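Breakdown of the fold
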Amino acid sequence: MEVIIQPDAAAAAKMTARLIADAINAKPQFNLGLATGATMEPVYAELAAMNRRNEVDFSRVSTFNLDEYIGLPPEDKNSYRYYMNYHLFDKINIDKKNTNLPDGMAADEVAEGARYEAAMKKAGGIDLQLLGIGSDGHIGFNEPLSSFASRTRAKPLTPATYRQNSVYFDPPETMPMRAFTMGVGTILDAKRIVMLITGAKKAGIAAQAIEGPLTSMVTGSAIQLHPAVVVVLDEGAAAQLTMREYYDWVFAHEPKWKNYR
Ligand code: F6R
């Protein structure tokens with residue numbers, strides 16, 4: 001794992017967008033795993049700006065989102081399909097046919113999980129998975145105690161996640177209590193992972209995921225099992241990391257980071 005700390009959330013989002021764009025430029029036929037949430041909005045704004053400046057081309061990119069609320073149709077403004085269209089897909093040169101999310105309206109939940117897994121496999125697997133982290137440590141919607149071997153499935157959300165996300169719903173009680181999510185095992189199959197964590201509120205959970213013990217109580221800690229992870233944080237989210245000097249040392253001296261400093 002490599003840990004990169006940027007001065008603020010805007011710089012951390014820009015760095016994340018550059019990592020994604022550089023990976024796509026190195027392999028234009030690219031399968032990109034995407035996340036939603038407030039943390040990702042500036043990343044998508046930057047990717048859209050880079051696309052406008054012809055710095056990254058999405059014409060041969062396929063995307064697979066981590067999760068979708070169960071019971072929300074694509075046109076619902078709180079669905080993750082709507083979020084993705086609004087924040088990214090409508091602003092870049094991607095073919096919408098190549099954008100994938102679990103179908104929140106699927107009648108057969110088990111079959112929908114299997115369909116989504118098969119679609120990723122058929123595409124050749126995820127080249128880079130973008131991750132955020134929830135206040136309860138979740139990645140995707142893999143709530144505490146989700147197995148590290150879990151695959152795409154329906155998952156009941158925790159009260160903490162409900163409190164975190166229901167602010168976007170009007171009234172808040174209309175937020176679904178369940179979602180489809182890639183499993184932790186699905187996420188760990190990605191060839192590379194880039195996790196973005198911003199804000200002082202996430203400092204404690206960021207330290208647990210990055211430096212804490214491996215535990216399904218914090219599913220974000222599963223990234224420690226993956227051989228190719230970069231975590232990008234702002235100063236606020238990095239505040240409780242104990243190995244800070246080492247992270248900065250690596251970023252300052254490793255040749256691979258020369259163009260990002
Ligand atoms: C959503 C997802 C979640 C979010 C997490 C953080 O697709 O993957 O794990 O990354 O809930 O959300 P924000 O960024 O809103 O704090």
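Anything mentioned here points back to the structure above.
Residues numbered from 1 in each chain as written. Predicted model: local features only at pLDDT ≥ 70, side-chain atom pairs only at ≥ 80, totals over all residues. Heavy atoms only, no water.

Notes on the sheet that holds strand β10 (residues 229-234)
In space, the seven strands of this open sheet follow the order β1-β10-β9-β6-β2-β3-β5, with parallel pairing throughout. Here the strands that pair on one side only, and so sit at the sheet edges, are β1 (2-6) and β5 (99-100). With two bridges joining them, strand β2 (residues 30-34) and strand β6 (residues 128-131) adopt parallel strand pairing. Considered in β6, the bridge of Gly-33 is made with Gln-129. Each of β2, β3 (61-65) and β5 touches helix α4 (residues 109-123); the most contacted strand, β3, lies at about 155 degrees to it. (Pairing = 2+ DSSP bridges. Helix = DSSP H or I, 4+ residues; strand = E, 2+ residues; numbered from the N terminus. Contact = heavy atoms within 4.5 Å. Axes fitted to C-alpha atoms, helices over the stretch in contact; angles between N-to-C directions.)

Section: the sheet that holds strand β8 (residues 178-181)
Reading across the sheet, the three strands line up as β4-β8-β7 and stay open at both edges, with antiparallel pairing between neighbours. Every interior strand has two partners, whereas the edge strands, β4 (67-69) and β7 (153-156), have only one. Averaged over all pairs of adjacent strands, the angle between their axes in this sheet comes to 30 degrees, without regard to strand direction. Here β4 pairs with β8 via three bridges, running antiparallel. Among the inter-strand pairings, Tyr-69 is bridged to a residue of β8, identified as Ala-179.

Considerations on the environment of Phe-30
Structurally, Phe-30 can be placed in strand β2. Residue class for Phe-30 comes out buried when judged on its relative accessible area of 4%. Sequence separation between Phe-30 and Thr-63 is 33 residues; the distance between their C-alpha atoms is 8.2 Å. If we skip the residues at most four places from it in the chain, Phe-30 touches Ala-23, Ile-24, Arg-60, Val-61, Ser-62, Asp-127 and Leu-128. (Buried < 20%, exposed > 50% of the residue type's maximum accessible area, 1.4 Å probe, protein only.)

Looking at the packing of helix α1 (residues 9-26) against helix α2 (residues 41-52)
Taken N-terminus to C-terminus, the directions of α1 and α2 make an angle of 50 degrees; their axes are 8 Å apart at the nearest point. By the angle class used here, α1 and α2 are oblique. The handedness of the crossing between α1 and α2 is right-handed. Contact with α1, carried on its side by Ala-13, Lys-14, Thr-16, Ala-17, Arg-18, Ile-20 and Ala-21, involves Pro-42, Val-43, Glu-46, Leu-47 and Met-50 of α2 and no other residues of that element. Classifying every residue of the contact of α1 with α2 gives eight nonpolar, one polar and three charged. (Parallel < 35°, antiparallel > 145°, perpendicular 65-115°, else oblique. Left-handed = near helix turned anticlockwise from the far one by under 90°. Nonpolar A, V, L, I, M, F, W, Y, C, P; charged D, E, K, R; others polar.)

Quick word on the layout of surface pockets
In this structure, the largest pocket encloses a volume near 820 Å³. As for the largest pocket, its lining consists of 36 residues, of which Gly-37, Ala-38, Gln-164, Asn-165 and Tyr-168 are closest to the centre. Elements with a contribution of two residues or more to the lining of the largest pocket: β4, α3 (80-87) and α5 (159-165). Ranked by the residues each element gives to the lining of the largest pocket, the list is headed by α3, at five residues. Here the lining of the largest pocket is composed, by residue class, of 16 nonpolar, 15 polar and five charged. Of the volumes computed, that of the second largest pocket is approximately 180 Å³. Surrounding the second largest pocket, 13 residues form its lining, Glu-2, Arg-192, Val-230, Lys-256 and Trp-257 being those nearest its centre. (1 Å grid on protein atoms, 1.4 Å probe; cavity = no way out; pocket = protein on both sides within 12 Å on 5 of 7 lines; lining within 4 Å. Points joined across faces, edges and corners; volume = space filled by probe spheres on them.)

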